[in-house]
Amino acid sequence: WRVAAKGTLNLENEGFNTTSEMGRLNVIMEYACFAVHMVDRMVYDKIDDERRHKFVVTMAKHFAHTYYDNRIDYEKEGEVIDDFKKYFIDTLNERNAEYGSCDFSKEEGIGFSMKRFFGEHVRQEMGEKDNKWIPDYIIDKEVPELYRTLKRAMPGLLKAK
């Protein structure tokens, strides 16, 4: 979650601004969904299917809970709180279906279409200012940094689970 929040902060530091706290939270959610998918792809041939499933589900549930905790902070008192954990998981499942059709390999890394999908989802959550440049920034700067961070963290994550 911290990596996703850092990516969102990077965007804002580059002058791409969200229009609301909810917009910021939804950008973080897009980063988290992308990270979960990337981690799943990265561990695909490193651990057995049962362990991989448990690992990815545990990570997804953790992100869903964190999204829920942050989301309820922005709801007005007396408003009906939807199932925000379910919203996160539904979004993650949609993104996984989309990203799953994209290329990814250990040698080549993340395929362009996956980067583009991610950039477009982030763009949709950001404000209008310089909106058309967000996918390019995501592709050129954020995805490589996120991938490097996850690669460095992977050995520790796998030992912990």
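Structure report, in brief. (Residues numbered from 1 in each chain as written. Predicted model: local features only at pLDDT ≥ 70, side-chain atom pairs only at ≥ 80, totals over all residues. Heavy atoms only, no water.)

**Side note on helix H3 (residues 49-72)**
Between its first and last C-alpha, H3 extends 34 Å over 24 residues, near the 34 Å set by a 1.5 Å rise per residue. Of the residues making up H3, those classed as buried are Arg 52, Phe 55, Val 56, Met 59, Ala 60, Phe 63, Ala 64, Thr 66, Tyr 67 and Arg 71. The opening residue of H3 is Asp 48, an N-cap whose side-chain oxygen sits 3.1 Å from the backbone nitrogen of Glu 50. (Helix = DSSP H or I, 4+ residues; strand = E, 2+ residues; numbered from the N terminus. Expected span 1.5 Å × (residues − 1). Buried < 20%, exposed > 50% of the residue type's maximum accessible area, 1.4 Å probe, protein only. Polar contact = N/O pair within 3.5 Å; in protein donor to acceptor, adjacent residues only side chain to side chain.)

**Details of the packing of helix H2 (residues 21-43) against H3**
Contact geometry of H2 with H3 gives a least axis separation of 10 Å together with a crossing angle of 175°. Comparing the axis directions of H2 and H3 gives the class roughly antiparallel. Facing H2, whose interface residues are Met 22, Leu 25, Asn 26, Met 29, Ala 32, Val 36, Val 39, Asp 40 and Val 43, H3 presents Arg 52, Phe 55, Val 56, Met 59, Phe 63, Tyr 67, Asn 70 and Arg 71. By residue class, the composition of the contact of H2 with H3 is twelve nonpolar, two polar and three charged. (Axes fitted to C-alpha atoms, helices over the stretch in contact; angles between N-to-C directions. Parallel < 35°, antiparallel > 145°, perpendicular 65-115°, else oblique. Contact = heavy atoms within 4.5 Å. Nonpolar A, V, L, I, M, F, W, Y, C, P; charged D, E, K, R; others polar.)

**Focus: the packing of aromatic side chains**
Applying the stated criterion across every chain, the model contains ten aromatic pairs. A ring pair is formed by Trp 1 and Phe 63, whose centres lie 6.1 Å apart and whose planes are at 45°; its orientation type is tilted. Note that Trp 1 is positioned in the segment before helix H1 (2-13) and Phe 63 in helix H3, a separation of 62 residues in sequence. On the basis of relative accessibility, which here comes to 8%, the residue Phe 63 falls in the buried class. Between the aromatic rings of Phe 34 and Phe 118, the centroid separation amounts to 4.2 Å while the plane-to-plane angle is 5°, which identifies the pairing as stacked. Of this pair, Phe 34 sits in helix H2 while Phe 118 sits in helix H5 (residues 112-125), and the two are 84 residues apart along the sequence. By the burial criterion, Phe 34 is buried, and Phe 118 matches it. Clustering of aromatic rings is evident, with ring pairs tying together Trp 1, Phe 63, Tyr 67, Tyr 87 and Phe 88. (Phe/Tyr/Trp six-rings, centres within 6.5 Å; stacked < 30°, edge-to-face > 60°.)

**Details of the nonpolar core**
Grouped together as the largest cluster of nonpolar side chains are 46 residues, with contacts concentrated most on Leu 11, Tyr 31, Phe 34, Phe 88 and Val 122. Of all the elements in the fold, those that place two or more residues in this core are H1, H2, H3, helix H4 (84-100), H5 and helix H6 (134-160). In terms of residues, this core owes the most to one element, H2, which gives 14 residues. (Core = buried A, V, L, I, M, F, W, Y, C linked by side-chain atoms within 4.5 Å.)

**Overview of the side chain of Glu 142**
Tracing the backbone through its elements, the reader meets Glu 142 in helix H6. For the buried residue Glu 142, which engages in no salt bridge, the nearest side chain bearing the opposite charge is Lys 6, 6.5 Å off. There is a polar contact of 3.2 Å between the side chain of Glu 142 and the side chain of Asn 10. (Lys, Arg positive; Asp, Glu negative; His and termini not counted. Salt bridge = Lys/Arg side-chain N within 4 Å of Asp/Glu carboxyl O.)

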